[in-house]
Each structure stands twice: as C-alpha cells, then as structure tokens.
Amino acid sequence: MEAPAAPHNPVETRLTVTSPEQMQDLGRRLAKLLRAGDLLMLNGELGAGKTTLTRGLGEGLGVRGAVTSPTFVIARVHPSLGDGPPLVHVDAYRLGGGLDEMEDLDLDVSLPESVIVVEWGEGKVEELTEDRLNVVIHRAVGDTADEVRHVTVTGLGERWAAVDLSVLAA
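## What about the overall build of the protein?
Looking only at helices and strands, one finds five helices and seven strands in the protein. Mapped from its N terminus to its C terminus, the protein presents α and β elements in the order β-α-β-α-β-β-α-α-β-β-β-α. Of all 170 residues assigned to the protein, the portion counted as buried reaches 48%. Taking the intrachain contacts of the protein between residues at least 6 apart in sequence as the baseline, contacts between residues at least 24 apart amount to 65%.

## Considering the pattern of salt bridges
This structure, assessed with the given rule, holds five salt bridges. Close ionic contact of Arg14 with Glu12 constitutes a salt bridge, the shortest N to O distance being 3.0 Å. Overall, the relative accessible area of 42% leaves Glu12 in the partly exposed class. Residue Arg28 pairs with Glu59 through a salt bridge whose shortest N-O separation is 2.4 Å. With Arg28 in helix α1 (residues 20–31) and Glu59 in helix α2 (residues 50–61), this pair connects stretches of sequence that are 31 residues apart.

## What about α1?
Relative to the 16 Å expected for 12 residues at 1.5 Å per residue, α1 spans 17 Å between its end C-alpha atoms, a close match to the ideal helical length. Buried within α1 we find Met23, Gln24, Leu26, Gly27, Arg29, Leu30 and Ala31. Along its buried surface, α1 packs onto β1 (11–17), β2 (39–44), α2, β6 (132–139) and β7 (149–156).

## Let's talk about the pairing of β6
Sheet topology places β2 next to β6; five bridges connect them, and they run parallel. Following the sheet pairing, Met41 is matched in β6 by Asn134. The sheet contact formed by β6 and β7 spans eight bridges and is antiparallel. Bridged to His138 within β7 is His150.

## Some details on the nonpolar core
Core analysis: the biggest nonpolar cluster contains 28 residues, and Leu26, Leu34, Leu40, Leu133, Val151, Val153 and Leu165 have the highest contact counts within it. Taken together, the elements giving at least two residues each to this core come down to β1, α1, β2, α2, β5 (115–119), β6 and β7. At four residues, α1 tops the list of elements feeding residues into this core. Not counting residues within four places of it along the chain, the set of residues in contact with Leu40 comprises Leu30, Leu34, Leu57, Val115, Ile116, Val117, Val118 and Leu133. Counting residues in hydrophobic clusters, the runner-up holds nine residues, among them Leu39, Val88, Val90 and Leu128.

The rules we used
- Residues numbered from 1 in each chain as written.
- Predicted model: local features only at pLDDT ≥ 70, side-chain atom pairs only at ≥ 80, totals over all residues.
- Heavy atoms only, no water.
- Helix = DSSP H or I, 4+ residues; strand = E, 2+ residues; numbered from the N terminus.
- Buried < 20%, exposed > 50% of the residue type's maximum accessible area, 1.4 Å probe, protein only.
- Contact = heavy atoms within 4.5 Å.
- Salt bridge = Lys/Arg side-chain N within 4 Å of Asp/Glu carboxyl O.
- Expected span 1.5 Å × (residues − 1).
- Pairing = 2+ DSSP bridges.
- Core = buried A, V, L, I, M, F, W, Y, C linked by side-chain atoms within 4.5 Å.

Here it is as structure tokens:
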C-alpha cells in the first residue's frame, strides 16, 4: 500500500487594511494569483469586509455583474467577460449542515473551471479540496467606527506551496 503524500506546510501572509478601498484593492491583487479550480474560504465577523474583498476579486478576474453579498440566494455565478474563469460567490452563513447542504450547490462540479469564494465556509467546504486559500479577516468588534482590519491569508496544499503570498502586501 502506498503511503499518502506528505502534506505541504501552509504558506501564510498577514496584512493590515485600513479602509474598504484597500480591502477591495487587496481583492484585485489576490485575483492575479488565482486560476480555475481555486477555492477561497473567507471568514470573519459580520461587517469584516468579506464581500468587499470578493468585489475586488471580481474586478480583478474581470467578471460580469456587480459582486454583492449572496446571503439570500446562497450562491451567485459571475461569468468571465474575457477568457478567465467565472467567479462562484457563496455565502454559507445560513447553511448549518456542512458539506451535505453544500452538495446541493454542486460546487464540486463547478470547482475545476471556476474560482469559488465561500464566505463563512469554515467547517463546511474543506472536503472539496486539500488545495485552498483561507482568508481570515479580524476587526474590532462592538460599537466602533474603526476601519482597521487584520487579514491573514493562508495557502494550503500543493497548489499554494510555491506561491509567494507576500506580493499581496504591495
């Protein structure tokens, strides 16, 4: 019996973002690293900037349609305006049952030809692929107008092993 492949050490970078415009710009820079088959899991408190980051991803990928939170439709597909991959934007906040509920969305079918972004995906979509990008956005909680966000981007799996995520800090 063949031994399983050794897991790749995660690749990680940490950034500080001080405005919604910077968060959207981070999404545009991140889009340059993405290709069809990539899965991004976005996690952070309500209002942390997950959808703002995804809006920048959509701009960077050159997809059709305004990227808005898919909270009530669960998933929204934004086709590419060029020859790039479509963006599948999922909000798993209202989905409680993990991958079983996610399977109804057929993300495993869409994954090879799309970039899939799942807000609130932790504990729900990890089984789709070992190769994924985890983005965690921390912000001050409570009644505050503080726009500062601390973003940790972690690349997991072989796909991200040789990707220099420090370019995101540009």
